[in-house]
Each structure stands twice: as structure tokens, then as C-alpha cells.
Amino acid sequence: MPKDNQVSPELIQEGERIMRICNACRYCEGFCAVFPAMERRLTFEESDLNYLANLCHNCTECYYACQYAPPQEFELNFPKTLAEIRLETYKKYAWPGPFATLFQKNGVASSVLTVASIILIAVVIFLSTTTESFFSAHSDIKGAFYEVMSHKAMVVTFSTVATFMVLAFVIGFIRFWNDTRGANSAEVTPSAFVQAVGDTLQLKYLDGADSGCAYPNEVPSNARRTFHHLTFYGFLLCFAATAVGTIFHYVLGWEGPPPIPGISVLPGESDGLLRSLPVILGSLGGIGLLIGPAGLLWLKSTRNSLLADPKQNGMDAGFLVLLFLTSLTGFFLTAFRETSVMGSLVVLHLGVIMGLFLTMPYGKFVHGIYRFGALLRNAVEQRTMPQLGSE
Amino acid sequence: MNLSFTYDVLVVGGGNAALCAAITARRAGARVLVLESAPKDFRGGNSRHTRNLRCMHKQPMVVLTEAYTEDEYWEDFMKVTGGLTNEPLARMAIRQSETCMEWMMEQGIRFQPSLGGTLHLSRTNAFFLGGGKALVNALYRTAENIGVDIEYGSEVRELKITEGRFTSAVFSRKGFSHEVRAKALVTASGGFQANIPWLKKAWGDVAENFIIRGTPYANGLILNLLMDQGVKTIGDPTQCHAVAIDARAPRFDGGIITRVDCVSLGIVVNKNAQRFYDEGEDFWPKRYAIWGRLVAGQPDQIGYSIIDSKAMGTFMPPVFPPIEANSISELAELLKLDPEALRKTIYEFNNAVQPGKFDHAVMDKCGTAGLTPAKTNWARKIDKPPFYAYPLRPGITFTYLGVAVNEQAQVIMKNDKPSKNIYAAGEIMAGNILGKGYLAGIGMTIGTIFGRIAGGEAARYAKG
Ligand SMILES: Cc1cc2nc3c(=O)[nH]c(=O)nc-3n(C[C@H](O)[C@H](O)[C@H](O)COP(=O)(O)OP(=O)(O)OC[C@H]3O[C@@H](n4cnc5c(N)ncnc54)[C@H](O)[C@@H]3O)c2cc1C
Ligand code: SF4
Ligand code: SF4
């Protein structure tokens, strides 16, 4: 890991200070997993802080509840300090290391890379098709999309990017896991793993205690959890749509764009609805990806500025905007795929997806990787480490 | 706030008792104004530092386990007060404590199971999720939503009372004086613990070395005004809840984190490096509230809790790091104590420790022999470096001197007649119930119950 990607000593010092205060107080214990995990420790080294910072999902309950929050003289801003540490850990674990700077400029990077991707895909397409074909309407029967970009070109381009992306995630996860191991050498057990997956899928700790959390303001609400669920499951459904489409293509030999149910079921085919599965999954997911990110952006814009780390605004917004655009361009493409603008829409949609993929390892998306890692470590610790300190 | 008309109920104070009163009065249809002397960021008095309240219950209730009956509550209560109480009021508070949680949840207050390290309270004390500030936030939110008028940074400086009847109050806000009229007054302004000159009158100059654990706004001004207007007082001005806290704590508002919980695991010496009390007399949660007074009785009002590395990690970690040394002499140097004297004290203590099986979870009877004062439980040799010390000072939680009240929370005048329209709730009247001693979590119980009674009665009077 390059030296300049280390968490700064000042931040570690502040992290240590706030942990000592909270560990002596413990009033926020019931909000989330961070406080019980803190109570399993008496001292806080960088590895502990990096872990705890990623276990926090910034619901900010513990800020409003804190009698030591500014302007009180202890100036305790627990969520914000953890958010700052979190950003530094993203950089620390990033692969390849030099790309870590992208976290800081993620907003700009997302825009530039997306535009570049659109141009790149346009170039690939123009090299492999004619202008005439690009700007004309194609019928579904012939496999509309592939008239402008060959299936092979699509697969080669995206699998290259996806491989790189997955590699970056895996290396990042391993770096996180090794860095936060600390003194606890316990192994991951199947039950710990199942718990961590469950906690992740339910967003268990985003519900405060049960009535929601203090986001975007003091009043407990489930808004963020709902929008996050829409985003996350929307994303998963779109991913499933792609996977199913790929299986249809290679295993069942159903080539070409899947039919839109009810509209373009091919005459004489009884498996029409099944063939439409990718469209159904993609549409449901797409709806999630429109409402979810839009909602999260809206919540973010109304949020208490004392709690936000301004360094992360670009990164947060960049990712959400790209998710939204992915879905939007996808819907346009589905709707207009038999018209003459289809070619341009393919370029736009694929370009946005490419931009999303390229920036994912250096943007907000990685929070999911490390949060899962932290929840996994938490599940392991719950089984192996006692809480310390008693009256 | 509208100063041109007469409010039904004026509530002075902005902590738990005040808001319970304001919400109850407003729900009973009264027009209510709350005047809180602290600015918004520091609203909520001592209540913002609390963590739980003590409730009786016949079966498991919300986060409380098993049962805690009226009789048991009463017994616990008698143990700490030694009978120095107004029994009908105390019994009423205990009985009504059963209804507190449900009412609080209706106001948006959330609860959590007892905190890590406080399992012994899981049956008796209901913990607020997020602690007292979260509680205070929820109460303010509810009060605002139902239309209670609230003014921050507004200190009431004058109460106009004739023959036991309140007519108006004068308060100062942003440097200007305003007068507000109301048909009834609820005083819920806390104790006078933040008023150092007053503490000095009762305690002498030693009070100069007291640390005030909670709000600096509890200056007793209202209590003083009521006393001047012929309201009867109750309690002894030197009685207060005082614990030993870390001497490095800020003068005011340091709250819960400044406590030091390792007294029973080691020894405590004064500035002459001498022990002065049995550190292992009883479980720490039952004894912590006597150590404030004990330290206050020592020269310069300072003590040092000393442990060795065997004890580390077995008590609630304090916020300030311990003073650490590899030898007793080195520790004495760091504490500016006489090294020879400290070595001798520890040598004698270690020699007096009797063999036994140490167990901090029970009264293990591991004691000293032939030592004065003896340590009767949890005595272990202090011999495993590194050695650690925490400096201690008296930390005042709240004072007990207050105004006398009846079961309708009306204040009683010197002629023993209740005032027509003046009510009191919370710390300002807690002395009616707590003549001395303290039972963890009873402060919030008293404030909630008397706050609700005061608000309800005040509204009834004003509307009636
Ligand atoms: C660190 C700490 C921890 C505690 N923990 C617990 C616990 O866990 N459980 C428990 O039961 N008790 C606890 N207590 C005690 C508890 O805080 C009190 O019993 C309770 O909060 C009293 O509530 P109150 O509303 O009467 O007073 P407070 O909450 O102190 O409110 C008094 C209010 O009056 C206002 N005020 C004062 N003078 C004026 C004026 N002239 N004009 C206008 N406003 C004025 C103040 O600004 C303040 O808002 C704790 C106390 C401290 C310091
Ligand atoms: S955030 Fe504040 S209230 Fe919560 S545990 Fe930490 S110090 Fe206590
Ligand atoms: S912000 Fe929320 S998740 Fe993070 S530590 Fe505070 S309460 Fe826990």
C-alpha cells in the first residue's frame, strides 16, 4: 500500500479520543453495532478505528443523542469523525493504490469517465457498423441491439472492465480484513457468516432501535433505509436481469433482446413470458434504481451540514447519479428500441454503465464491501470476545 | 411567545420535570409557555445527562426483566434514606412509577436494555435509548408538535406573588427584561448545585474544590425567590448527591464520563498518601454516592484511587487515561505525593491482605487484618506493575434543599397552607422524598411523576 494512503495520525488521535469518551458513557449502546463492538476494547489502535468506522453507517442518531456534541466543550462529533476515518480507509485499501486519489475527486472522475466511456463505445460501434445502420430502426426479431454493436464486442468490453472491478473489490476486501484483524485471530464460522449476510441484506442497524434513524434530521425515520433498500435491491435485480439474459443467450440459445411482455411476444411462442424474464427483472430493478438513488440524493441535500464530511459529497452524489442514469437510459432504450434513436441510446446506456463500473472501486460503492467486512468481523467478535468493564 | 395575553400555565425550567409538566398541561387544553434559561444547544438541565429511571413493575415490562414490587422498591428506598422521607409522597411516587414508561413512550422516548457493565440494574432501571439528551430531544419535539410555546436563553429573575398567589414573572432574554402573566406557575428549575457561593455558605470554603457534574444553569435562583416569598423549604442545605469523580473533569457539565469506578478494586489515599475509608465496604454501585463526601472531608478535597495491572479491564473505563508508573515511588512522584509515605501505606496494606479467593461479583470477604481502616472485601495485594492512579474530587450531582409540596405538587407556604397556583416538580422538590441518600434512577422518576401531576393540576386550576 502506498504510504500517502495511510490514515492520518491526527485523525487516529481524534478517533482514539472519541472512543474513550463513548466507552466511558455507553448511552448510545442500543443504536447500532459500533458501541457494543467498542465495549469489547479498552484501547483503540488504528486497526480498531478502521474497523469501527466501517461498522458505522452514519445514521447520526448518536450525534443528536450526545450531551458532548458541539458546542459542548468535549466537541464530540462521533458520526463525522468516523466518516472521515472511513474515507481514509477507502483510500488505504484501494487497488491499484495510485487510483486512491479518485475517491477525493470521484464526482469529477465519474463525469469524465462516463463521457469518455460513451465516446469509447461510440467509437467501437462506428468501427463495426455503418452510419446508416446506426441511425435506422431495427425490429426486435433481428436482435435490435446487436445490429449496432455485436454481442461479442459487448461481452469482450464489459467482461474486461468487470474483471478489473471484481479484482479491485477482492483485493480491497482482503486488505480491510487483514488490516482490522487486530488481536482477535478467531476464524469466521458459518453461523457468523450467515449472520453478517443477514445483517447486510436487512440493513439491520439502519433502523435505529426500531423506529428508524436520525437521517436526514433529528426525527427518527425509516426514509433512508427504504430508499437504500430500493437502491440495493434494484441494483441486484438489474444484475440478475443481466445474468439471466446471459444464461438465456449461452445456455438456451435465446439470442437477441428479450421481448417486452404483452407487447412483443413473438407469435407462436409459448415460452414468451419466460423469455421476457430479463425485461421483467430489469424493469423492476430499474424502478428501484430510479426511486432509490433519487430519494437518497434528496435526503442528502436536506441533511444537517454539521454532520457531513464535505470531502465525500462528490463521491456520494457521483455514484447515485450514475445509478439513476443507468436506469433511466435503460428504460429509454427498452421503450425506443425499435426506433431510429436506438443506436444513440445504446451508446448512451452502455457508456453510463461502463462509467459506473469504472468508478465503482473508487467511489461510494465500496462502502458495501467494507461494511459487509465489518459486519462479518462483528459477528465473529460477538462469538469470541467478551464486553469489558463493569460497574 | 405572546406577551400581550395571559398564559394558562407558565413553566420555569427546561429539563425532564418541566417538559413533563408542560406536555401534560397542554394536553389538558392549557396554553403553556416554557422558559428555559439555557440556550437551545444546552437545553435540558441535568436531565440531559441521565441514563435511566427506576420503575416498579409486577412482571417483565418493555426492557425491564422479572418483577420489582412496591414493597421491594420501598425497602430499597428506606435503606438509603433511613426513613428521612415524606411517606405518602414517596409511596405515591413509587406506585406511579409503574406508569412512567408507557407515558414516556407515548411522548417518543425510546428505551434500551441495561448498558454493558450495568446488568445489576436490568430489573429495576429502564435505560433511555441514547441517554438523557435523546429523552430531552423527544420531549421538546412532542411539546413543540402539540403547541407548547418554548423560549430558550430566558432566565426567570423575578416572581410576582401575593399571599401565595402567583400573577406574573419577569425574565431576561438577550439582555432585555420581559414580563409574562400566567394563571398558574410550575417551577421545575432544578437544584442550586451550580451556585458555588451558595454551596460555600453551606459547606464552607471546601466547596471551592467541588466539581459540578451537570448543568451550569441550575443556580437555584427560583428556589431562592420562592424562599423569599414565604414558601416553606424542606431538607438540609448540605445534603446532596455527591460522588468521587476524576479531578481532571471540567468544572461544570462533565456528566457521566468523569466517574471513576475502580475504588473497590484498589485503595484510595489522600494527599498525605494515607488511606481513610474501607474501599470494599459494599458493592460499588451501592457505595459510589458516599465517596463524594468522603473525599470532601480530606485535606484539599483530593484523593487518589490506586490499582495495579490485575484490575485493569475489570471496571468501566474512565474517560481520562490513568496515571501510569512501573514502581510505587515513580507513581508517587507523578501524583506529587511523598514517595516514602505512599510506599509505606501500600507495604502495610499488602502485608495486611489475607489469603482468599478474589471474586468481584460477590462480597468475597477477601479482607485485611490488623489494618485501620480495614478493607473488608476485594482486598488484593497491589504488587503487579504497571501501577495506575486516578485523582479524585467531589462531584456534585444535585442538592436536596427544596420547596415543600403536597400530593397535588402545590408548594406549601410557611403557614403550612398550599399555595393557590404555584406548583413544583423535579429536583427543586426532590428533598420531600429524599431526605438523604440516593437510589439510582429515582431522580427521573420523581421528576416525571411530579411533573405530570404539576402540569395536570396547574392546567385544571387555570381552566377551572
Ligand atoms: C451526570 C448526571 C447523571 C445523572 N443520571 C441520572 C440517572 O441516570 N437517573 C436519574 O434518575 N437521575 C440522574 N441524575 C439526576 C437527574 O439529572 C435529576 O434528578 C433530574 O434530571 C432532575 O430533573 P429536573 O427537570 O428537576 O432538573 P433539570 O433537568 O436540572 O432541569 C432544570 C432546568 O431549569 C432551568 N432553569 C434553572 N433556573 C432557571 C431560571 N431561573 N429560569 C429559567 N430556567 C431555569 C435549567 O436551565 C434546566 O433546564 C443525574 C444527574 C447528573 C448530573
Ligand atoms: S455519542 Fe455521546 S452520548 Fe453517545 S455514547 Fe458517545 S459520549 Fe455517550
Ligand atoms: S452514526 Fe449511527 S451507525 Fe454510526 S455510530 Fe452513530 S448510531 Fe452507530
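Colleague: Teacher, can you tell me more about the overall build of chain B here?
Modeller: Looking only at helices and strands, chain B features eleven helices and 19 strands. Its C-alpha radius of gyration of 23 Å places chain B within 12% of the 23 Å reference for a compact globule of 464 residues. If one aligns the C-alpha atoms of chain B with their principal axes, the spans along those axes are about 75 × 50 × 40 Å. Buried residues in chain B amount to 62% of all 464 residues. Contacts spanning at least 24 positions in sequence make up 72% of the contacts within chain B whose residues lie at least 6 apart. Surface exposure of chain B reaches about 17,000 Å², of which carbon and sulfur atoms provide 51%. Placing the 53 positive and 46 negative side-chain charges of chain B at their respective mean positions leaves the two points 4 Å apart.

Colleague: Any chance you could explain the packing of aromatic side chains here in plain terms?
Modeller: We describe a pair of aromatic rings using the distance from one ring centre to the other and the angle between the two ring planes. As enumerated under the stated definition, the model contains 34 aromatic pairs over all chains in all. Relative to Phe128 of chain B, the ring of Phe111 of chain B has its centre 5.9 Å away and its plane inclined at 55 degrees; by these criteria the two rings are tilted. One end of the pair, Phe111 of chain B, is in strand β4 (residues 111-112); the other, Phe128 of chain B, is in strand β5 (residues 125-128), and 17 residues separate them in sequence. Judged by its relative accessible area of 11%, Phe111 of chain B is buried. Look at Phe128 of chain B and you get buried, because its relative accessible area is 1%. Taken together, the ring pairs in this structure connect Tyr90, Tyr93, Phe99, Phe103, Phe176, Tyr362 and Tyr370 of chain A into an aromatic cluster. Sitting above the plane of the Trp74 of chain B ring, Arg91 of chain B keeps its charged end 4.2 Å from the centroid. Looking at Arg380 of chain B, its charged tip hangs above the ring of Phe358 of chain B, at a distance of 3.6 Å from the centre.

Colleague: Sorry, what's going on with the site of ligand 1 here?
Modeller: All names here are of chain B. In the neighbourhood of ligand 1, 39 residues make up the surrounding shell, with Glu36, Ser47, Asn52, Glu427 and Met444 lying closest. A distance of 3.2 Å separates a nitrogen atom of ligand 1 from a polar side-chain atom of Tyr438. Residue Gly441 places a main-chain N or O atom 3.2 Å away from an oxygen atom belonging to ligand 1. Across the complex, the protein chains shield 97% of the 1,000 Å² of accessible surface that ligand 1 would expose by itself. Residue assignment for the shell around ligand 1 shows that the elements contributing at least two residues are α1 (16-27), β7 (154-162), β16 (387-399) and α11 (442-463). Partitioning the shell around ligand 1 into residue classes produces 13 nonpolar, 21 polar and five charged.

Colleague: In this structure, what is going on with the interface of chain B and chain A? I would like to understand it.
Modeller: One frequent convention defines the size of an interface as the accessible area lost when the parts assemble. Each partner contributes residues to the interface: chain B has 44 residues there, and chain A has 36 residues. Carbon and sulfur atoms supply 56% of the area buried between chain B and chain A, which totals about 3,200 Å² over both sides. On the chain B side of the contact with chain A, Arg110, Ile257 and Pro317 of chain B bury the most area, a combined 18% of that side's loss. Where chain B meets chain A, there are two salt bridges. Where Arg141 of chain B meets Glu218 of chain A, a salt bridge forms, and the shortest distance between an N and an O atom there is 2.7 Å. Along the contact surface separating chain B from chain A lie 17 residue pairs in polar contact (both at pLDDT 80 or more). A per-element tally of the side of chain B that touches chain A places helix α4 (residues 132-145) of chain B first, with five residues. Split into classes, the residues belonging to the side of chain B that touches chain A amount to 18 nonpolar, 16 polar and ten charged.

Colleague: Looking at this structure, how should I read the pattern of salt bridges?
Modeller: When charged atoms on two side chains of opposite charge get close, those side chains can pair. All names here are of chain B. Per the stated rule, a full pass over the model turns up 35 salt bridges over all chains. Across the salt bridge formed by Lys344 and Glu348, the nearest N and O atoms sit 3.3 Å from each other. One end of the pair is Lys344 and the other is Glu348, both in helix α10 (residues 339-352) and four residues apart, which spans about a single turn. For Arg460, the salt bridge identified is with Glu457, shortest N-O distance 3.0 Å. Taken together, the residues Arg460 and Glu457, both in helix α11 and three residues apart, mark about one turn of the helix.

Colleague: What exactly am I supposed to notice about the site of ligand 3 here?
Modeller: Residue and element names in this part refer to chain A. Contacts to ligand 3 come from Phe31, Cys32, Val34, Phe35, Cys56, His57, Asn58, Cys59, Thr60, Cys62, Phe78 and Pro79. Residue assignment for the shell around ligand 3 shows that the elements contributing at least two residues are α2 (34-38) and α5 (78-93). Among the residues making up the shell around ligand 3, the classes are represented as nine nonpolar, three polar and no charged.

Colleague: I keep staring at the domain arrangement of chain A and nothing clicks. Help me out?
Modeller: All names here are of chain A. Assigned domains of chain A: these are domain 1 (9-94) and domain 2 (97-382). In this structure, domain 1 and domain 2 have C-alpha centres spaced 30 Å apart. Each side of the interface is counted separately: domain 1 has 33 residues, and domain 2 has 42 residues. Carbon and sulfur atoms make up 56% of the surface buried where domain 1 meets domain 2, a total of about 3,300 Å² over both sides. Run the count over domain 1 and domain 2 and you get 20 residue pairs in polar contact (both at pLDDT 80 or more). Looking at the side of domain 1 that touches domain 2, the elements that each hand over two or more residues are α3 (46-55), α4 (61-64) and α5. Here the side of domain 1 that touches domain 2 is composed, by residue class, of 16 nonpolar, eight polar and nine charged.

Colleague: Looking at this model, I keep getting lost on the domain arrangement of chain B. Mind explaining?
Modeller: All names here are of chain B. In terms of domain boundaries, chain B breaks down into domain 1 (7-238 + 400-463) and domain 2 (242-395). A separation of 34 Å is found between the C-alpha centroids of domain 1 and domain 2. When domain 1 packs against domain 2, the two sides together hide about 1,900 Å² of surface, and 55% of this comes from carbon and sulfur. Broken down residue by residue, the surface that domain 1 buries against domain 2 is led by Asn209, Ile211 and Arg213, which jointly contribute 39%. Our count for the contact surface shared by domain 1 and domain 2 stands at one salt bridge. Linking Asp253 and Arg48 is a salt bridge whose minimum nitrogen-to-oxygen distance equals 3.4 Å. At the level of secondary structure, the elements contributing two or more residues to the side of domain 1 that touches domain 2 comprise α5 (196-203) and β10 (211-212). In terms of residue class, the side of domain 1 that touches domain 2 is made up of ten nonpolar, eight polar and four charged.

Colleague: When you look at helix α16 (residues 366-384) of chain A in this model, what are you seeing that I'm missing?
Modeller: Spacing of three or four residues puts side chains on the same side of an α-helix, whose turn is 3.6 residues. End to end, α16 of chain A covers 27 Å across 19 residues, agreeing with the expected 27 Å (1.5 Å per residue, within 8%). Here α16 of chain A lies mainly inside the structure; 15 of its 19 residues are buried.

Colleague: Would you mind showing me how to read the nonpolar core here?
Modeller: Counting residues in each nonpolar core, the largest one holds 107 residues, and the members touching the most others are Leu10, Leu159, Val403 and Phe450 of chain B. For Phe450 of chain B, the residues in contact, after removing those within four places along its chain, are Leu89, Met92, Ala93, Val405, Asn406, Ala409, Ala424, Ala425, Met429 and Ile433 of chain B. Membership of the second largest hydrophobic core comes to 97 residues, among which are Phe31, Leu49, Leu76 and Phe158 of chain A.

Colleague: Could you clarify how one ought to interpret α3 of chain A in this entry?
Modeller: Taken across its ten residues, α3 of chain A has nine buried, putting it largely inside the fold. Considering only its buried residues, α3 of chain A is in contact with α1 (9-25), α2, α5, α9 (151-179) and α16 of chain A.

Colleague: I'm lost on the side chain of Ser327 of chain A in this one. Help?
Modeller: Inspection of the secondary structure puts Ser327 of chain A in helix α14 (residues 313-335). What Ser327 of chain A contacts, discounting residues up to four positions off in sequence, is Gly286, Ile287, Leu289 and Leu290 of chain A.

Thresholds, definitions, all that
Residue positions are given per chain, counting from 1 as you read along its sequence in written order. Both sets of labels track the order of writing: A upward for chains, 1 upward for ligands. Side-chain atom pairs in this predicted model are given and counted only at pLDDT of 80 or more, local residue features only at pLDDT of at least 70, and totals for whole chains, interfaces and linings cover all residues. Side-chain numbers here rest on the full set of heavy atoms in the structure, without hydrogens or water. Under the DSSP-based scheme used, a helix requires at least four consecutive residues in state H or I and a strand at least two consecutive residues in state E, with every element numbered from the N terminus. Our radius of gyration is a C-alpha quantity, and the globule rule it is checked against amounts to 2.2 Å times the number of residues to the power 0.38. Exposure classes here rest on a 1.4 Å probe applied to the protein chains alone. A residue is buried below 20% of its type maximum, exposed above 50%, and partly exposed in between. Should any heavy atoms of two residues lie within 4.5 Å, those residues are counted as being in contact. Calculation of accessible area relied on Shrake-Rupley with a 1.4 Å probe; when residues are assessed, cover is drawn exclusively from the protein chains displayed. Charge counting follows a simple rule: Lys and Arg are positive, Asp and Glu are negative, and His as well as the terminal groups are ignored. Working definition for charges: the position is that of NZ of Lys, CZ of Arg, CG of Asp or CD of Glu. Put simply, two rings from Phe, Tyr or Trp (the six-membered ring, in Trp's case) pair if the centres are within 6.5 Å, and we call them stacked under 30 degrees between planes, edge-to-face over 60, tilted for the rest. By definition here, charges over rings are those cases where NZ of Lys or CZ of Arg is within 6 Å of the ring centre and within 35 degrees of the ring normal. Whether a residue is near a molecule or strand is decided by its heavy atoms; if any one of them lies within 4 Å of it, the residue is near. Polar contact criterion, stated in full: a pair of N or O atoms within 3.5 Å, where within protein one must be able to donate a hydrogen and the other to accept it, and residues adjacent in sequence count only if both atoms are side-chain atoms. Asp, Glu, Lys and Arg are counted as charged, while Ala, Val, Leu, Ile, Met, Phe, Trp, Tyr, Cys and Pro are counted as nonpolar; the rest, among them Gly, fall into the polar class. For any pair of parts, buried area is found by adding up, for both, the accessible area (1.4 Å probe) each one loses once the two are put together. Think of a salt bridge as a Lys or Arg side-chain nitrogen and an Asp or Glu carboxyl oxygen that are within 4 Å of each other. By convention here, the domain bounds are inherited from an automatic or database domain assignment. Expected helix span is taken as 1.5 Å per residue step, with the number of steps being one fewer than the number of residues. Think of a nonpolar core as a cluster: buried Ala, Val, Leu, Ile, Met, Phe, Trp, Tyr and Cys residues, connected wherever their side-chain atoms sit within 4.5 Å.

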